[in-house]
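Here is what each chain is made of, one letter per residue.
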Amino acid sequence: MKTHILCLGDSNTHGYCADPNDCADHGIRFNEEERWTCRLQKALGDEYLVTEEGLSGRTTVFVDPIHESMDALSVIYALLKSHEVIDLLIIMLGTNDVKERFGANAACIAAGMERLILKAKSVDCWGTKQPNILVVAPPPIGAGFHDAVMGNGCVEKSAGVAGQLRIICERQGVHFLDAKDCEFNKVDFMHLTRKGHAQLAELLAKEVPGLI
């Protein structure tokens, strides 16, 4: 069996591209040569299997009244079991949790992540090994951001998420990586550019082998 890494995230794991000029295919999704998950697979080599589980709009635990099945908590059992045996679970969530309709500050968002971590630990998907989880704090939403549907206060809440995630990761004994220096675009200010995907893959390629 290959070393299996499951990547659970939102649109930045799915590979949403807000600027078609930044994507080789000029579409709304970065291709397999561009997405950080695929680049991580290439960097790690054939002894690893990197699986994408990215969904645009996904939150940690907050149920979205507009779109169904967006909270990771309600689906994580099925996802983990369908991909077992898992050697490392990478979770990169929190950007969508700042939406005004959820009414959650950075500490509440981290509390949601902690609940998700606890659930992931409880699922029998780790084979003979202990649960192994890496939380990646996404880059904060840029100051030029405005989206009427996401609402007000997103930039301010997003700025505090990484610090709060670090706290709960230390408490839960899981790995933590801050992706703050990975490039976000200047179109919607909350999605990785092609360069940002490459930067994140490079960071993870250095980090992951030492975690397994």
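Residues numbered from 1 in each chain as written. Predicted model: local features only at pLDDT ≥ 70, side-chain atom pairs only at ≥ 80, totals over all residues. Heavy atoms only, no water.

**Student:** Tell me about the overall build of the chain, and name the residues and values.
**Tutor:** In terms of regular secondary structure, the chain is built from seven helices and five strands. N-terminal to C-terminal, the α/β element order of the chain is β-α-α-β-α-β-α-β-α-α-β-α. A globule of 212 residues ought to have a C-alpha radius of gyration of about 17 Å, and the chain, at 16 Å, matches this closely. For the chain, the spread of C-alpha atoms along the principal axes amounts to about 45 × 35 × 30 Å. Counting across all 212 residues of the chain, residues that qualify as buried make up 53%. Counting contacts in the chain only where the partners sit at least 6 residues apart, residues at least 24 apart contribute 71% of the total. A total accessible area of about 9,700 Å² is found for the chain, and carbon and sulfur atoms account for 51% of it. For the chain, the separation between the mean place of its 21 positive charges and that of its 29 negative charges on side chains is 3 Å. (Helix = DSSP H or I, 4+ residues; strand = E, 2+ residues; numbered from the N terminus. Rg over C-alpha atoms; globule rule 2.2 N^0.38 Å. Buried < 20%, exposed > 50% of the residue type's maximum accessible area, 1.4 Å probe, protein only. Contact = heavy atoms within 4.5 Å. Areas by Shrake-Rupley, 256 points an atom, 1.4 Å probe, with all protein chains shown as cover. Lys, Arg positive; Asp, Glu negative; His and termini not counted. Charge placed at Lys NZ, Arg CZ, Asp CG, Glu CD.)

**Student:** Break down the side chain of Gln 172 for me, with residues and values.
**Tutor:** Relative to the helices and strands, Gln 172 is located in helix α6 (residues 161-172). Since its relative accessible area comes to 16%, Gln 172 is described here as buried. At 2.8 Å, the side chain of Gln 172 and the side chain of Glu 114 are in polar contact. Each residue touching Gln 172, except ones within four places of it in the same chain, is listed here: Glu 114, Ile 117, Leu 118 and Lys 121. (Polar contact = N/O pair within 3.5 Å; in protein donor to acceptor, adjacent residues only side chain to side chain.)

**Student:** Describe the packing of aromatic side chains, and please don't skip the residues or the numbers.
**Tutor:** One pass over the full model with this rule turns up one aromatic pair. A cation sits over an aromatic face here: Arg 101 above Phe 102, 5.6 Å from the ring centre. (Phe/Tyr/Trp six-rings, centres within 6.5 Å; stacked < 30°, edge-to-face > 60°. Lys NZ or Arg CZ within 6 Å of the ring centre and 35° of its normal.)

**Student:** Before we move on, can you summarise the nonpolar core with the specific residues and values?
**Tutor:** Membership of the largest hydrophobic core comes to 64 residues, with the highest contact counts inside it found for Trp 36, Leu 89, Ile 90 and Leu 204. Sort the elements by how many residues they give to this core and helix α4 (residues 106-122) lands first, with seven residues. Among residues more than four places away in sequence, those in contact with Leu 89 are Leu 6, Leu 8, Ile 76, Leu 80, Ala 120, Trp 126, Asn 132, Ile 133 and Leu 134. (Core = buried A, V, L, I, M, F, W, Y, C linked by side-chain atoms within 4.5 Å.)

**Student:** Report on unusual backbone geometry, specifying residues and quantitative values.
**Tutor:** Looking along the chain, the bond that leaves Glu 84 and enters Val 85 is cis, with omega of 10°. Tracing the backbone through its elements, the reader meets Val 85 in the loop between α3 (76-82) and β3 (88-92). A positive phi is found at His 26, a non-glycine position, where the angle reads about 55°. Note on placement: His 26 falls in the loop between α1 (11-14) and α2 (36-44). On the accessibility criterion, His 26 (54% relative accessible area) is exposed. The backbone of Phe 189 shows a phi angle near 65°, a positive value even though the residue is not glycine.

**Student:** Which residues make up the sheet that holds strand β5 (residues 175-178), and what are the values?
**Tutor:** In space, the five strands of this open sheet follow the order β2-β1-β3-β4-β5, with parallel pairing throughout. Each edge of the sheet is formed by a strand with only one pairing partner; in this case those strands are β2 (48-54) and β5. Along the sheet, successive strands turn relative to each other by an average axial angle of 20°, direction set aside. Pairing geometry for β3 and strand β4 (residues 133-137), over three bridges, is parallel. Across the sheet, Ile 90 pairs through a bridge with Leu 134, a residue of β4. Strands in contact with α2 are β1 (3-9), β2 and β3; relative to β2, the strand with the most contacts, it is inclined by about 175°. (Pairing = 2+ DSSP bridges. Axes fitted to C-alpha atoms, helices over the stretch in contact; angles between N-to-C directions.)

**Student:** Let's hear about α4: which residues, and what values?
**Tutor:** Counted at 1.5 Å a residue, the expected span for α4 with its 17 residues is 24 Å, and the 25 Å between its end C-alpha atoms agrees. Every buried residue of α4 is accounted for by Ala 106, Ile 109, Ala 110, Gly 112, Met 113, Glu 114, Leu 116, Ile 117 and Ala 120. On its buried face, α4 sits against α3, β3, β4, α5 (154-159) and α6. The opening residue of α4, the one whose side-chain oxygen lies 3.2 Å from the backbone nitrogen of Ala 107, is Asn 105. (Expected span 1.5 Å × (residues − 1).)

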